[in-house]
Structure formats: structure tokens, C-alpha cells
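Observations on chain architecture
Letter by letter, the chains look like this.
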Amino acid sequence: MEVLSKYVSFEEVIKNSRFLSELIPCNSQAEARQIIKDQKTKYADSTHVVHAFITGNGAEVMGMSDDGEPSGTAGRPVLDVLKGRNCTNCILTVTRWFGGTLLGTGGLVKAYSGGAKGVIEAANQQGAFEELVEKEDFCFSTDYSLYKLIKLNLQNFHLFNVTEEFGTDITLTGQIRADEKAVLSAKLLDLSNGKIQLI
């Protein structure tokens, strides 16, 4: 299972209708609702903002909407493409600006699924998906004398969203792969002769 790590977009024009497909990281149903609301505000001049999303560590929460397109011609094809990618924690929106030519139900399915496939292909090419790993928060403080040595050793771990606060000591907070936390704790104790406690 993989998660989306960054925003990706893909655009095409089909029979004068403009289709903008966007893939956005999203961690919950509530966040998905907010993103859809924001997209509709951002693209107030569009005809439809179709969406599908998948969230949860087991991809257990899903949703979709045709947003006024004929039932089953938009949201469902987009969700099917998303499910086929074996990913979670992302929302895919396809915004359409109607160009005056009706596409028919088959044409709509093709356009929306094609847009979804296009943006996922772009995401694959950009390396926008990463393996879903369980992360845990961590925090520790070190004195300035050990800072460089510790920074060097931290390169051997998978860390995320690390922040450093420089005061009397240097405090580092962030997230680490859950299966690496005990190893990091042991390493810090070793480097500091038992002084640095990982929280």
C-alpha cells in the first residue's frame, strides 16, 4: 500500500471541454470534504468538480461524487482508477469546464477515467507515491558538543518532519518509522553515555 506525498495535476481538452485532474494528499474524510469545498470555491467558473477519495491505513474509507454528471459516469470511474493504484490517503478531483459538445455517457466515462489515469501516471513518473509506513513521534535534547555526531548518525534512520530548537540544549522533534524507534533510542544512549533519553 502506498500514500501520496505531494500534489500532482494533469490536464486535457476533449471536444472543447477542459478537464483538470488533480491528485492531492488527504488523511481523512473530513479533510476530503474540506478539499472538495476549496476546489469548488477555487473553480467557481467550472461546470463540475467530480471527486473520489480513499483514506485509512487499510484504504477502508472511500467516497465519490458525480457532481451533477449523469449517475455512474464520473465519480465511479475515477474511484475505480484510484482503487486500481493500490494507494490510500489521497483525493482525486477532476474539474470540467463544459465546451459546448455533449460527450454522451460512454464519452464521459472515458474522459473521467482517462483524466484519473493521466494524473496517476504523472504521479508515478514524479515519484509522488511512497510506501505507507507506521510512524511514531520522537523528541530528545542534546548538548552542543554531541550535536554534529548525532546529526551524522540520524542519517541512518527514516525521519519525517524534523524540527530543531536551539536553546540551552538542542531539542529535536519529529517522526520516525515505528520499527526504528527502539534502535534510535539505543544509539542515542550509546553516543551520550546514557545521558540522552528518547521520548
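Residues numbered from 1 in each chain as written. Predicted model: local features only at pLDDT ≥ 70, side-chain atom pairs only at ≥ 80, totals over all residues. Heavy atoms only, no water.

Considering the overall build of the chain
- Assigned secondary structure in the chain consists of five helices and eleven strands.
- Its C-alpha atoms give the chain a radius of gyration of 22 Å, more than 25% over the compact-globule value 16 Å for 199 residues.
- Across its three principal axes, the chain shows a C-alpha extent of roughly 75 × 30 × 30 Å.
- The proportion of buried residues among the 199 residues of the chain is 43%.
- Residue pairs in contact within the chain that sit at least 24 positions apart in sequence constitute 67% of those at least 6 positions apart.
- In the form shown here, the chain has an accessible surface area of approximately 10,300 Å², with 50% of it arising from carbon and sulfur atoms.
- Both charge centroids of the chain, one from 20 positive and one from 25 negative side chains, sit 5 Å from each other. (Helix = DSSP H or I, 4+ residues; strand = E, 2+ residues; numbered from the N terminus. Rg over C-alpha atoms; globule rule 2.2 N^0.38 Å. Buried < 20%, exposed > 50% of the residue type's maximum accessible area, 1.4 Å probe, protein only. Contact = heavy atoms within 4.5 Å. Areas by Shrake-Rupley, 256 points an atom, 1.4 Å probe, with all protein chains shown as cover. Lys, Arg positive; Asp, Glu negative; His and termini not counted. Charge placed at Lys NZ, Arg CZ, Asp CG, Glu CD.)

Examining the sheet that holds strand β10 (residues 159–166)
- With respect to topology, three strands assemble into an open sheet ordered β9-β11-β10, the strand pairing being antiparallel. Taken across any chain shown, the strands that pair with only one partner, and hence form the sheet edges, are β9 (135–142) and β10. Pairs of neighbouring strands in the sheet enclose a mean axial angle of 15°, with direction left out of account.
- Judged from the eight bridges that link them, β9 and strand β11 (residues 170–177) form a sheet pairing that is antiparallel. Each residue of the ladder has a partner; that of threonine 142, found in β11, is isoleucine 170.
- Helix-sheet contacts for helix α5 (residues 181–191) involve β9 and β11, and the interaxial angle to β9 is about 10°. (Pairing = 2+ DSSP bridges. Axes fitted to C-alpha atoms, helices over the stretch in contact; angles between N-to-C directions.)

Points about the nonpolar core
- Counting residues in hydrophobic clusters, the biggest one holds 28 residues, and the most contacted among them are Val8, Leu23, Val78, Leu82, Leu92, Tyr112 and Ile120.
- Counting residues per element, the ones that place at least two in this core are β3 (17–25), β4 (48–55), α2 (75–84), β7 (90–97) and α3 (104–125).
- In this view, leucine 23 contacts Leu4, Lys6, Tyr7, Val8, Leu82, Ile91, Leu92, Val119, Ile120, Ala123 and Phe129; residues no more than four positions away in its chain are not counted.
- In terms of nonpolar packing, the next biggest core, distinct from the first, is built from 15 residues, Phe140, Leu146, Phe157 and Leu191 among them. (Core = buried A, V, L, I, M, F, W, Y, C linked by side-chain atoms within 4.5 Å.)

Overview of the state of the cysteines
- In this structure the tally under the stated criterion is zero disulfides.
- Distance from the sulfur of cysteine 26, which forms no disulfide, to the nearest cysteine sulfur (cysteine 90) is 7.9 Å.
- The closest cysteine sulfur to the non-disulfide-bonded cysteine 90 is located on cysteine 87, 3.8 Å from its own sulfur. (Disulfide = S-S within 2.5 Å.)

A closer look at the sheet that holds strand β5 (residues 61–65)
- Ordered by their spatial adjacency, five strands build an open sheet running β2-β3-β7-β4-β5, and the pairing between neighbours is antiparallel. Of all the strands in the sheet, the pair left with one neighbour each is β2 (8–14) and β5. Ignoring which end each strand starts from, the neighbouring axes of this sheet average 10° apart.
- One ladder, built from seven bridges, connects β2 with β3; its direction is antiparallel. In the strand pairing of β3, valine 13 is matched with arginine 18.
- Sheet strands touched by α2: β3, β4, β5 and β7. Its angle to β4, the strand with the most contacts, is close to 35°.

What to know about α5
- Those residues of α5 that fall on the buried side of the exposure criterion are Lys181, Leu184, Leu188 and Leu191. Within α5, the buried residues cover an arc of 90° as seen down the axis, which keeps them to one side. Of the exposed residues in α5, those oriented more than 90 degrees away from the buried face are Ala182, Val183 and Asp190.
- With its phi angle positive at about 55°, asparagine 193 sits one or two positions after the end of α5. (Arc of directions from axis to C-beta.)

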